[in-house]
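Residues per chain are reported as follows:
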Amino acid sequence: MDLGYEKAFQPVYKEYFIHSFRHMTNEYIQSRLKDLGFKLKVIGEDEQTGQCPCCFHYSIDFGEDGFCDICPVCFWENGGNEPNHMSLEEAQKNFKNFGAMSKSYLQFIDPEGGKKYKKEHYTK
Ligand SMILES: [Zn+2]
C-alpha cells in the first residue's frame with residue numbers, strides 16, 4: 001500500500017488524524033479510512049470523551065475540559081442553561097423534534113454527527 005506521504009511527515013499526519021477524528025467511534029473512523037483506500041482496524045477507546053447532556057452523544061471533551069465545548073451533533077454549549085439561552089429540557093425537546101438544540105442552529109450542526117459519535121442514554 002502506498003501511504004502517499006514521506007516518513008518525515010508522519011508525526012504531522014498523526015496529529016492531524018488524531019485531531020480530525022477526535023471523539024469519533026472506531027467504526028466511523030474505520031469506514032472513513034476504507035473510503036480512502038485504507039483497510040485498517042481501529043482499536044482502543046478515547047478516554048477523553050465526554051457525553052453531551054442534551055443529545056447524549058459522546059461528542060465533547062470529558063470533565064472540566066468539556067466545559068464550554070459546543071456539541072457538533074446538537075450545538076448545545078456544555079455550560080448550563082445560561083450560554084444556551086434556554087433550559088436543558090427545552091434543548092433536549094428541540095433536538096428530539098428537529099435535530100438541533102435550537103432551529104436557528106440547524107445550519108451549524110454536523111449532518112453526519114449522529115453517525116460519528118457513540119450515543120447512549122445519559123446516566124449522570
Ligand atoms: Zn449534543
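Scroll up to find the structure this text is about.
The structure reproduced in this document is the subject of the present report. (Residues numbered from 1 in each chain as written. Predicted model: local features only at pLDDT ≥ 70, side-chain atom pairs only at ≥ 80, totals over all residues.)

**What to know about the overall build of the chain**
From N to C terminus, the chain includes 5 helices and 2 strands. N-terminal to C-terminal, the α/β element order of the chain is α-α-β-β-α-α-α. Dimensions along the principal axes, computed over C-alpha positions, put the chain at roughly 50 × 30 × 25 Å. Relative to its 124 residues, the chain shows a buried fraction of 24%. In the chain, 42% of the contacts between residues at least 6 apart in sequence involve partners at least 24 apart. (Helix = DSSP H or I, 4+ residues; strand = E, 2+ residues; numbered from the N terminus. Buried ≥ 20, exposed ≤ 12 C-beta atoms within 10 Å, placed from the backbone. Contact = placed C-beta atoms within 7 Å.)

**Some details on the nonpolar core**
Counting residues in each nonpolar core, the largest one holds 17 residues, and the members touching the most others are Cys 52, Cys 54, Cys 55, Cys 71, Cys 74, Trp 76 and Met 101. Those residues in contact with Cys 55, other than ones at most four positions away along the chain, are Cys 71, Val 73, Cys 74, Trp 76 and Phe 95. (Core = buried A, V, L, I, M, F, W, Y, C linked by C-beta atoms within 7 Å.)

**As for the environment of Met 86**
The residue Met 86 is located in the loop between α3 (81-84) and α4 (88-98) in this model. With 14 C-beta atoms packed within 10 Å, Met 86 lands in the partly exposed category. In the structure, Met 86 is positioned 16 residues away from Ser 102 in sequence and 9.1 Å away in space, judged by C-alpha atoms. When neighbours within four sequence positions are excluded, Met 86 is seen to be in contact with Asn 81, Ala 91 and Ser 102.

**Considerations on unusual backbone geometry**
Across the chain, the bulk of peptide bonds are trans and the bulk of non-glycine residues have phi less than zero. Within the chain, His 23 stands out as a residue other than glycine whose phi angle is a positive 70 degrees. Unlike most non-glycine residues, His 85 shows phi in positive territory, near 55 degrees. Relative to the helices and strands, His 85 is located in the loop between α3 and α4.

**Observations concerning the environment of Glu 77**
Here Glu 77 shows up in the loop between β2 (60-61) and α3. Separated by 35 residues in the primary sequence, Glu 77 and Val 42 place their C-alpha atoms 29 Å from one another. Ignoring anything within four residues of it in the chain, the contact list for Glu 77 reads Cys 68, Ile 70, Pro 83 and Asn 84.

**Overview of the environment of Trp 76**
Relative to the elements of secondary structure, Trp 76 occurs in the loop between β2 and α3. Put simply, Trp 76 and Gln 92 are 16 residues apart on the chain and 9.2 Å apart in space, counted from C-alpha to C-alpha. Residues contacting Trp 76, with those up to four places away along its chain left out, are Cys 52, Cys 54, Cys 55, Cys 71, Asn 84, Ala 91 and Met 101.

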